Amino acid sequence: MATAARRPTDQAELFSASTAKEIQAILWKAADKLRGSIDAAQYKEFVLGLIFLKYVSDAFDERRGELATELADDGITEERMDDFLEDRDEYTGAHVFWVPETARWSWIAANAKSQGVGKLLDDAMDAVMAENPPLKGVLPKIFNRDSIDQKRLAELVDLISDARFGGTEDTPAQDVLGEVYEYFLGNFARAEGKRGGEFYTPRSVVQLIVDILEPYEGRVYDPACGSGGMFVQAGKFIEAHRGRGHKADIAVYGQELNERTWRLAKMNLAIHGIDGNLAPRWGDTFAEDKHADLKADFVMANPPFNIKDWARDESDVRWRYGVPPKNNANYAWLQHMVSKLGERGTAGIVLANGSMSSQSSGEGEIRQTMVEADLVACMVALPAQLFRTTQIPACLWFLAKDKSPQGAERLDDRRGEILFIDARDMGAMADRTERVLTEADLAKIAGTYHAWRGTASAREAGLSYADEPGFCLSADLATVRAHAYALTPGRYVGAVEAEEEDGEAMAARINGLTEELYGLFDKSAELEKVFREQLGRVDV
């Protein structure tokens, strides 16, 4: 049978895999065979739900192993040990989800063939949610359906069972499963195209926002949190700079409109050990602010660009700088995030390039008012093709409620100034359609911001700020007024004016021509192959 022939091939590949990336790729390929008739969005829940169940089970097993060692060291006999090993408090007290026996991965793998893998998985999801209130209503129960190929599902369970997710002190199994979860999220975003942008922001963009904001401690908020990538990256930042034990130094608050994406975010935070508040339910940030009284130290977000159908209320108190237009919510997002900032709060927001210079429907006046209120700290023009899910060029807005030295913080006084960074020429092509910011790019952009602001990290690194023609410039408000409050960095650092005036069209044209050129290359290669085959048959 074809199915039976594939299974050992997948497992043989898995056992020969030596890196986490190879394991991820093999699992992706195996999971993809299950796509079948499952709806694309549901399929994402299906696979990520499986990975999450493996995570909670592995985390449970790790804690159980630690507990057994502790009990043995205390002289507890094996006869008495089982009672302690099944003590729920020993797990929840260590921030580990309690996993009932029938939901443990080893039990499912052992009984999958005899009892039906789909039913076992649905029952396991139910059991985990029943025992862990924070996961109530979060996990998918879609495995025991006629549309799911049960044989292939069983094969996938076997593969996930066999994958070597852990093994080193530096990289616990939970971390590797977190990486697998992120890898799958990224692949789903690419597979879903434009819709993928609703739940996923490219990793290098998220990293740049976090590296600039430096959220060491305090309240972190994302009003359009998607699958929670900003929070995960903030946690990684703290781990890298302060150590694993400091992840709880930030309190996470988020909101997401889409029910399925909200579930993915809940799982993503849990799998990365982040105890976040994403509200009891999903909801529209404009119509129903789930964190109405929140004042955050850091706001970071990639809200949907240029949305035309949004819950607009002209009397909303958040529109302090002007009522946003009906046909575009960009300035609604910006003002919502300003309304959430604490006294010294900072924000990093991804928006379409048009937000930097638009004069339509009152947006120019709102931008002018925000600039005069000295809320804008830095603008970054990003390179094209960072977002595989959209061809719209994007930029980063960095807002700050307080640009003074802030006493003991000893920052440079940047009141009445805005830093402009033009990063359009940065990045490297990861493949023929997707660009990423390299580590060197990220370090240069973030380092420039920190040198300009005079942060502690800049002082420690010995960085000092200076304008760099074609890349960065610190402009005073008089200069910004002279540019009619347009905030496109190219106007200030020396980019070609024509590119700035029609940047979206230019980028779209370049992308189209690039696609066309690669298509011609592919066609050329095919024709060459045909010619070679034909020439090989010529008898001379």
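Residues numbered from 1 in each chain as written. Predicted model: local features only at pLDDT ≥ 70, side-chain atom pairs only at ≥ 80, totals over all residues. Heavy atoms only, no water.

### Observations regarding the overall build of the chain
No. 1: Assigned secondary structure in the chain consists of 20 helices and 10 strands.
No. 2: When burial is assessed residue by residue, the chain has 51% of its 540 residues classed as buried.
No. 3: Considering only residue pairs separated by 6 or more positions, the chain has 71% of its internal contacts joining residues 24 or more positions apart.
No. 4: For the chain, the exposed surface amounts to about 24,800 Å²; the carbon and sulfur share of it is 50%. (Helix = DSSP H or I, 4+ residues; strand = E, 2+ residues; numbered from the N terminus. Buried < 20%, exposed > 50% of the residue type's maximum accessible area, 1.4 Å probe, protein only. Contact = heavy atoms within 4.5 Å. Areas by Shrake-Rupley, 256 points an atom, 1.4 Å probe, with all protein chains shown as cover.)

### Side note on the pairing of strand E3 (residues 296–301)
No. 1: Across the six residues that make up E3, a large majority, five, are buried.
No. 2: Note: strand E1 (residues 218–222) against E3, two bridges, orientation parallel. In the sheet register, Tyr-221 faces E3, and the bridge partner there is Val-299.
No. 3: Inspection of the sheet shows E3 paired to strand E4 (residues 341–352) by five bridges, in the parallel sense. Looking at E4, one finds that Phe-298 is bridged to Thr-346. (Pairing = 2+ DSSP bridges.)

### Remarks on the state of the cysteines
No. 1: A full pass over the atoms with the stated rule returns zero disulfides.
No. 2: For Cys-472, which is in no disulfide, the shortest distance to another cysteine sulfur is to Cys-378 and amounts to 9.3 Å. (Disulfide = S-S within 2.5 Å.)

### Here we look at helix H10 (residues 203–213)
No. 1: With 10 of 11 residues buried, H10 is to be regarded as a mostly interior element.
No. 2: Where H10 is buried, its residues touch helix H11 (229–242), E3, E4, strand E6 (394–400), strand E9 (435–436) and helix H15 (439–453).

### Concerning the packing of helix H7 (residues 117–131) against helix H8 (residues 150–162)
No. 1: Between H7 and H8, the least distance of the axes is 9 Å, while the angle of their chain directions is 60°. Taken together, H7 and H8 sit at an angle that is classed as oblique. Between H7, through Val-117, Gly-118 and Leu-121, and H8, the contact on the second element is made entirely by Gln-150, Leu-153, Ala-154 and Val-157.
No. 2: Of the residues in the contact of H7 with H8, the class split is five nonpolar, two polar and no charged. (Axes fitted to C-alpha atoms, helices over the stretch in contact; angles between N-to-C directions. Parallel < 35°, antiparallel > 145°, perpendicular 65-115°, else oblique. Nonpolar A, V, L, I, M, F, W, Y, C, P; charged D, E, K, R; others polar.)

### Here's the deal with a negative patch on the surface
No. 1: Residues Glu-78, Glu-79, Asp-82 and Asp-83 make up a contiguous surface patch of negative charge.
No. 2: Tracing the backbone shows Glu-79 in helix H4 (residues 78–85). (Patch = residues over 30% accessible without salt bridge, like charges linked within 9 Å, V, L, I, M, F, W, Y side chains within 5 Å. Salt bridge = Lys/Arg side-chain N within 4 Å of Asp/Glu carboxyl O. Lys, Arg positive; Asp, Glu negative; His and termini not counted. Charge placed at Lys NZ, Arg CZ, Asp CG, Glu CD.)

### Some words on the packing of aromatic side chains
No. 1: Counted by the stated rule, this structure contains 21 aromatic pairs.
No. 2: Plain terms: the ring middles of Phe-46 and Phe-143 are 4.8 Å apart, the flat faces sit at 40° to each other, and that makes the pair tilted. Of the two residues, Phe-46 sits in helix H3 (residues 40–73) while Phe-143 sits in the loop between H7 and H8, which places them 97 residues apart along the sequence. No difference in accessibility class separates Phe-46 from Phe-143, as the two residues are buried.
No. 3: Taken together, the ring pairs connect Trp-28, Tyr-183, Phe-184 and Phe-188 into an aromatic cluster.
No. 4: When the ring centre of Trp-98 is taken as reference, the NZ or CZ atom of Arg-104 above it lies at 5.7 Å.
No. 5: Here Lys-340 stacks its cationic end above the ring of Tyr-221, 5.9 Å away from the centre of that ring. (Phe/Tyr/Trp six-rings, centres within 6.5 Å; stacked < 30°, edge-to-face > 60°. Lys NZ or Arg CZ within 6 Å of the ring centre and 35° of its normal.)

### Here we look at the side chain of Asn-132
No. 1: If you trace the backbone, Asn-132 turns up in the loop between H7 and H8.
No. 2: Among the polar contacts made by the side chain of Asn-132, one reaches the main-chain carbonyl oxygen of Val-128 at a distance of 2.8 Å.
No. 3: Among residues more than four places away in sequence, those in contact with Asn-132 are Phe-97 and Trp-98. (Polar contact = N/O pair within 3.5 Å; in protein donor to acceptor, adjacent residues only side chain to side chain.)

### Considerations on the sheet that holds strand E5 (residues 376–381)
No. 1: Read across the sheet, eight strands follow the order E2-E1-E3-E4-E6-E5-E7-E10 without closing on themselves; strand pairing throughout is mixed. Strand pairing shows two members of the sheet lacking a second neighbour, strand E2 (250–254) and strand E10 (472–476), which therefore form its edges. Neighbouring strand axes in the sheet, compared pairwise and without regard to direction, differ in orientation by 15° on average.
No. 2: The pairing of E1 with E2 spans five bridges and is parallel. Each residue of the ladder has a partner; that of Gly-218, found in E2, is Ile-250.

### Details of the pattern of salt bridges
No. 1: Tallied over the full model, the rule gives 29 salt bridges.
No. 2: Residues Arg-63 and Glu-70 are paired through a salt bridge, measuring 3.5 Å at the closest nitrogen-oxygen approach.
No. 3: What makes Arg-63 buried here is its relative accessible area of 11%.
No. 4: Arg-104 is the salt-bridge partner of Glu-86, the closest N and O atoms lying 3.1 Å from each other. Taken together, the residues Glu-86 in the loop between H4 and helix H5 (88–92) and Arg-104 in the loop between H5 and helix H6 (105–115) connect sequence positions 18 residues apart.
No. 5: By relative accessible area, Glu-86 is classed as partly exposed at 36%.
No. 6: Connected through shared salt-bridge partners, Glu-45, Glu-259, Arg-260 and Arg-263 make up one network.

### Re helix H12 (residues 259–271)
No. 1: Taking 1.5 Å per residue, 13 residues should reach 18 Å; H12 reaches 19 Å between its end C-alpha atoms and fits that length.
No. 2: Counting buried residues along H12, 11 of its 13 residues qualify, which places the element largely inside the surrounding structure.
No. 3: Every buried residue of H12 is accounted for by Thr-261, Trp-262, Arg-263, Leu-264, Ala-265, Lys-266, Met-267, Asn-268, Leu-269, Ala-270 and Ile-271.
No. 4: The distance from a side-chain oxygen at the start of H12 to the backbone nitrogen of Arg-260 is 2.9 Å, and the residue carrying that oxygen is Asn-258.
No. 5: Of the residues trailing H12, Gly-273 is marked for its positive phi of about 70°. (Expected span 1.5 Å × (residues − 1).)

### Focus: the nonpolar core
For soluble globular proteins, nonpolar side chains are generally found buried alongside one another.
No. 1: Of all hydrophobic cores here, the largest spans 117 residues; its most connected members are Phe-52 and Phe-184.
No. 2: Tallying contributions element by element places H3 first for this core, with 14 residues.
No. 3: Apart from the residues lying within four places of it in its own chain, the contact partners of Phe-184 are Gln-24, Leu-27, Trp-28, Ala-31, Val-47, Leu-48 and Ile-51.
No. 4: In terms of nonpolar packing, the next biggest core, distinct from the first, is built from 40 residues, Tyr-221, Ala-224, Ile-349 and Val-480 among them. (Core = buried A, V, L, I, M, F, W, Y, C linked by side-chain atoms within 4.5 Å.)

### So, unusual backbone geometry
No. 1: At Ser-361, a residue that is not glycine, the phi angle is positive and equals roughly 55°.
No. 2: As for its placement among the helices and strands, Ser-361 is situated in the loop between E4 and helix H14 (363–372).
No. 3: Its relative accessible area of 44% is what places Ser-361 among the partly exposed residues.
No. 4: With phi around 55°, Arg-410 is a residue other than glycine that occupies positive phi space.
No. 5: Among the secondary structure elements, Arg-410 is positioned in the loop between E6 and strand E7 (417–422).

None of this, on its own, says anything about what the molecule does.
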